[in-house]
Amino acid sequence: MAGLIRHRAGAIGFALAGLGLVLDQGVKLWLINGVGIAAVGPIRVTSFLDLVLVWNRGISYGLFTQDSDLGRWVLAGFTLLASLAIAVWLSRSTRMLTGVALGLVLAGALGNGIDRWAYGAVADFFHFHVGSFSWYVFNLADVWIVAGVAGLLYDSLASRPNDAAKGRH
């Protein structure tokens, strides 16, 4: 794999992907098997944060919910293909922010992909709420994906002084 990674940004991105994946899966295993959150039920952490177990059979925000085995495997296959594409992009990354952002997205995709393969759905736990406002339930993999996409958006919109000069040739 080291020969496939062309720049330092890619190496750091892959390391971050590994760390993010271990953290995501560790928290999930601890809450499912250690705490037994399915049997214990919601755990109030603060007045605005509960730990709950929600099985997401779709993608973000429960979109494209799949209750059939075929739907589950289609989503799992799509996750695998997306992860491979992200890994190729990451291996070619030369900019540090791009490498970090892609590493986060890859960690999240792999974390949720492992859930889909192992459980048939993605395990979500963190539920933020204030008064009658309730945010969706999510996991660390979702945090990594959102942070990574935000980094990619910032990186794509950030002005680079030399970019305009390069286009004149």
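Structure's up top.
Residues numbered from 1 in each chain as written. Predicted model: local features only at pLDDT ≥ 70, side-chain atom pairs only at ≥ 80, totals over all residues. Heavy atoms only, no water.

Novice: Would you explain the nonpolar core in this entry?
Specialist: Soluble globular proteins tend to bury their nonpolar side chains together. Core analysis: the largest hydrophobic core is formed by 13 residues, its most contacted members being Phe14, Ile86, Leu90, Leu102, Leu106 and Leu152. For this core, the elements supplying multiple residues, two or more each, are helix 1 (8–35), helix 3 (69–91), helix 4 (96–119) and helix 5 (140–157). No other element matches the six residues that helix 4 contributes to this core. Beyond its immediate chain neighbours, meaning those up to four positions away, leucine 90 contacts Ala9, Gly10, Gly13, Phe14, Gly99, Leu102, Gly103 and Leu106. Ile32, Ile37, Ala123 and Phe126 belong to the second largest nonpolar core, which has nine residues in total. (Core = buried A, V, L, I, M, F, W, Y, C linked by side-chain atoms within 4.5 Å. Buried < 20%, exposed > 50% of the residue type's maximum accessible area, 1.4 Å probe, protein only. Helix = DSSP H or I, 4+ residues; strand = E, 2+ residues; numbered from the N terminus. Contact = heavy atoms within 4.5 Å.)

Novice: Would you explain the packing of aromatic side chains in this entry?
Specialist: The description of an aromatic ring pair rests on the distance of the ring centres and on the angle between the ring planes. All told, the structure shown has seven aromatic pairs when counted by the stated rule. On the numbers, 5.8 Å between centres and 15° between planes, the contact of phenylalanine 128 with phenylalanine 138 is stacked. With phenylalanine 128 in strand 3 (residues 122–130) and phenylalanine 138 in strand 4 (residues 133–138), the pair connects residues that are 10 residues apart, well separated along the chain. When the centroid spacing of 5.5 Å and the interplanar angle of 55° are considered together, the rings of tryptophan 135 and tyrosine 136 count as tilted. (Phe/Tyr/Trp six-rings, centres within 6.5 Å; stacked < 30°, edge-to-face > 60°.)

Novice: Please explain the sheet that holds strand 1 (residues 43–46) as it appears in this structure.
Specialist: Strand pairing in a sheet relies on backbone hydrogen bonds. The paired strands run either parallel or antiparallel. Taken together, four strands build an open sheet; the order of strands is 1-2-3-4 and the sheet is antiparallel. Two strands in the sheet have a free side with no partner beyond their single neighbour: strand 1 and strand 4. Between one strand and the next, the sheet's axes are offset by a mean angle of 35°, whatever the strand orientation. Bridge analysis of strand 3 against strand 4 gives four bridges, and the strand direction is antiparallel. Bridge pairing in strand 4 links phenylalanine 126 to phenylalanine 138. (Pairing = 2+ DSSP bridges. Axes fitted to C-alpha atoms, helices over the stretch in contact; angles between N-to-C directions.)

Novice: Which parts of the structure should I look at to understand helix 4?
Specialist: Since the α-helix advances by 3.6 residues per turn, residues separated by three or four positions end up pointing in the same direction. For helix 4, built from 24 residues, the straight-helix expectation of 34 Å at 1.5 Å per residue is met to within 8% by its first-to-last C-alpha distance of 34 Å. At the C-terminal side of helix 4, glycine 120 shows a positive phi close to 85°. (Expected span 1.5 Å × (residues − 1).)

Novice: Quick question: what am I supposed to make of the packing of helix 1 against helix 4 here?
Specialist: Any two packed helices are characterised by how steeply their axes cross, that is the angle between the axes, and by the distance between the axes. Running from amino to carboxyl end, helix 1 crosses helix 4 at an angle of 35°, the nearest separation of the two axes being 7 Å. Classified by chirality, the crossing of helix 4 by helix 1 is right-handed. Residues that form the contact of helix 1 with helix 4 fall into these classes: 16 nonpolar, seven polar and four charged. (Left-handed = near helix turned anticlockwise from the far one by under 90°. Nonpolar A, V, L, I, M, F, W, Y, C, P; charged D, E, K, R; others polar.)

Novice: What am I meant to see in the packing of helix 1 against helix 5 here?
Specialist: The geometry of helix 1 relative to helix 5 is characterised by a closest axis approach of 8 Å and an angle of 150° between their N-to-C directions. Our classification of the angle between helix 1 and helix 5 gives roughly antiparallel. Between helix 1 and helix 5, the contacting residues are Gly20, Leu23, Asp24, Val27 and Lys28 on the first element and Leu140, Ala141 and Trp144 on the second. In the contact of helix 1 with helix 5, the residues fall into five nonpolar, one polar and two charged. (Parallel < 35°, antiparallel > 145°, perpendicular 65-115°, else oblique.)

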